[in-house]
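# Residue-level structure breakdown
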Amino acid sequence: VNDPTTTTPGWSALAAELARKVADAVDLGDLTWLDAVRRTPRHVFVPRFYRQDGRGDWDTIGPGDPSWLDSVYQDMPLVTALLTDERGHKIVVSSSTKPALMLRMLHALDIEPHHRVLEIGTGTGYNAALLCRHNGDDAVFSIDIGADLVSTARTRLAELGHTPTLRVGDGMRGMPGGAPYDRIIATCSVPAIPSDWTEQLVDGGLLLVDLKVGLHAGNLVLLRRHPDRLEGRFLPKWAAFMSARDRDAVTPTRAPSVSQSDAITQSMTRIDPDPWSGLVPWFLAQAGEIALSGYGLRGPNLDTRRFSSLDGSWCQVGPPDADGNRQVSEGGPRRLWLKVEHAHREWNEHGQPGWDRIGLTITPDGTHRVWLDTPNGTLRRSLQPATGPT
Ligand SMILES: C[S@@+](CC[C@H](N)C(=O)[O-])C[C@H]1O[C@@H](n2cnc3c(N)ncnc32)[C@H](O)[C@@H]1O
């Protein structure tokens, strides 16, 4: 093995410091994960990354930049692949996940050294390297839709002596060749759990994925396979991954259909329209009801929020007046903001539950049922059967 780590002196002290930061951020029972962070050269997987400047342009940061090595060992996500969309805009299609988040997920999955693990979203290959250190190369399977990503990840892993099974393809179908798996981890978000993942998981196995039913609506959910269902809860802390793509290119933006209705409803609200000011009710509003896809800032001071859904419905929420009231306008076939109001009311009535009180059950027909505290609990909502990204 040609050791690429010898050409960058100083990396192991930085990796040890990163492991210390991760240990401060995440309560890891299993110290072997920290050892994997300490011994895995992240700079081999991130030979360059992209950083947006104040004007929105992307700078490339590589070994020629004095900040490169230091940045690579910070506990930060790093953008590693950009593609250009049909309007000429650069779109992020891959990144190296924030290490503390990665470790939080690996820890939550309770991965034992003998487990076979499938990763959806190989990206740089860094997480696959951590898995190889922990479980051995033969137990690690990883798939990405980006052919170039997989080929570079394979080369980098091989340079370090790792030969996990890597595939190019749509991870929404899992990776049948290596099934069954004891654990499945996805590092891209999905609107529903693909049935192939359930089928490729052993009974009692665990699956961890970022379920996002709409714009910012959802979180990491940890599901166990039972003979007749997948079931589990959301993790207490919110996180967000990039959405799964259905092609090795940028997914074309889907424009909302033009509203047939000119009728505009006006009302007042006291709810802050920024999703992150109430992420659980924001999810409940969209779970099984409406999926918001468009988001924009409006008004002379950019303090008005506008949301839209693909059926042409939209709502616009203005800044608060002196009493905290905001003007709402809604148009299109459905009253989007009304759903948000209902979800907030219900969430308040139940004592403002956090993510870890919200659970999910998925039955073989693909129905996703959201519940509070117990599978028969209140707050029940049903999401559409899993179809994968459309
Ligand atoms: C956050 S990055 C992965 C980070 C990676 N685990 C690492 O350690 O570098 C998300 C990845 O998901 C991949 N992805 C998106 N849609 C996919 C799909 N349908 N199937 C498989 N991979 C997909 C992207 O190409 C991207 O590389």
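The rules we used
Residues numbered from 1 in each chain as written. Predicted model: local features only at pLDDT ≥ 70, side-chain atom pairs only at ≥ 80, totals over all residues. Heavy atoms only, no water. Near = heavy atom within 4 Å. Polar contact = N/O pair within 3.5 Å; in protein donor to acceptor, adjacent residues only side chain to side chain. Areas by Shrake-Rupley, 256 points an atom, 1.4 Å probe, with all protein chains shown as cover. 1 Å grid on protein atoms, 1.4 Å probe; cavity = no way out; pocket = protein on both sides within 12 Å on 5 of 7 lines; lining within 4 Å. Sits in = over half its atoms within 2 Å of the grid points. Nonpolar A, V, L, I, M, F, W, Y, C, P; charged D, E, K, R; others polar. Helix = DSSP H or I, 4+ residues; strand = E, 2+ residues; numbered from the N terminus. Buried < 20%, exposed > 50% of the residue type's maximum accessible area, 1.4 Å probe, protein only. Axes fitted to C-alpha atoms, helices over the stretch in contact; angles between N-to-C directions. Parallel < 35°, antiparallel > 145°, perpendicular 65-115°, else oblique. Left-handed = near helix turned anticlockwise from the far one by under 90°. Contact = heavy atoms within 4.5 Å. Arc of directions from axis to C-beta. Pairing = 2+ DSSP bridges.

A word on the site of the ligand. Neighbouring residues of the ligand: 27 residues in total, closest Ser94, Thr124, Asp144, Gly171 and Arg245. One nitrogen or oxygen atom from the main chain of Ser95 is found 3.5 Å from an oxygen atom belonging to the ligand. A distance of 3.0 Å separates a nitrogen atom of the ligand from a polar backbone atom of Gly121. Across the complex, the protein chains shield 99% of the 600 Å² of accessible surface that the ligand would expose by itself. Under a 2 Å grid-point criterion requiring more than half of the atoms, the pocket assigned to the ligand is the second largest pocket. Its residues assigned to classes, the shell around the ligand shows 10 nonpolar, 13 polar and four charged.

We now examine the environment of Gly56. If you trace the backbone, Gly56 turns up in the loop between β1 (49-52) and β2 (58-61). For Gly56, a relative accessible area of 31% translates into the label partly exposed.

Another point: helix α5 (residues 99-108). The buried count for α5 comes to eight of 10 residues, which makes it a mostly enclosed element. Among the residues making up α5, those that are buried are Pro99, Ala100, Leu101, Met102, Leu103, Arg104, Met105 and Leu106. A positive backbone phi angle near 50° is found at Asp110, which sits one or two residues after α5.

The contact between helix α1 (residues 11-25) and helix α2 (residues 32-39) brings their axes to 7 Å, and the two run at 150°. Between α1 and α2, the interaxial angle falls into the category roughly antiparallel. Considering only the axes of α1 and α2, their crossing is right-handed. Between α1 and α2, the residues in contact are Trp11, Ala15, Ala16, Leu18, Ala19, Val22 and Ala23 and Leu34, Val37, Arg38 and Arg39, respectively. Among the residues making up the contact of α1 with α2, the classes are represented as nine nonpolar, no polar and two charged.

What follows covers α2. Think of an α-helix as turning once every 3.6 residues; residues three or four places apart then point the same way. Along α2, the residues classified as buried are Trp33, Leu34, Ala36 and Val37. End-on, the buried residues of α2 take up no more than an arc of 155°, which puts them together on one face. Buried residues belonging to α2 abut α1, α5 and α6 (126-135).

On to the sheet that holds strand β14 (residues 304-309). Paired through backbone hydrogen bonds, the strands of a sheet run either parallel or antiparallel to each other. Spatially, five strands are ordered β12-β16-β15-β14-β13 in an open sheet, and the strand pairing comes out antiparallel. The open sheet has two edge strands with one neighbour each: β12 (264-269) and β13 (292-298). Neighbour to neighbour, the strand axes of the sheet diverge by 20° on average, direction disregarded. In this sheet, strand β16 (residues 326-331) lies alongside β12 in antiparallel orientation, the contact comprising six bridges. Note on β16: the bridge partner recorded for Ile264 is Gly331.

In short, geometric facts, not functional conclusions.
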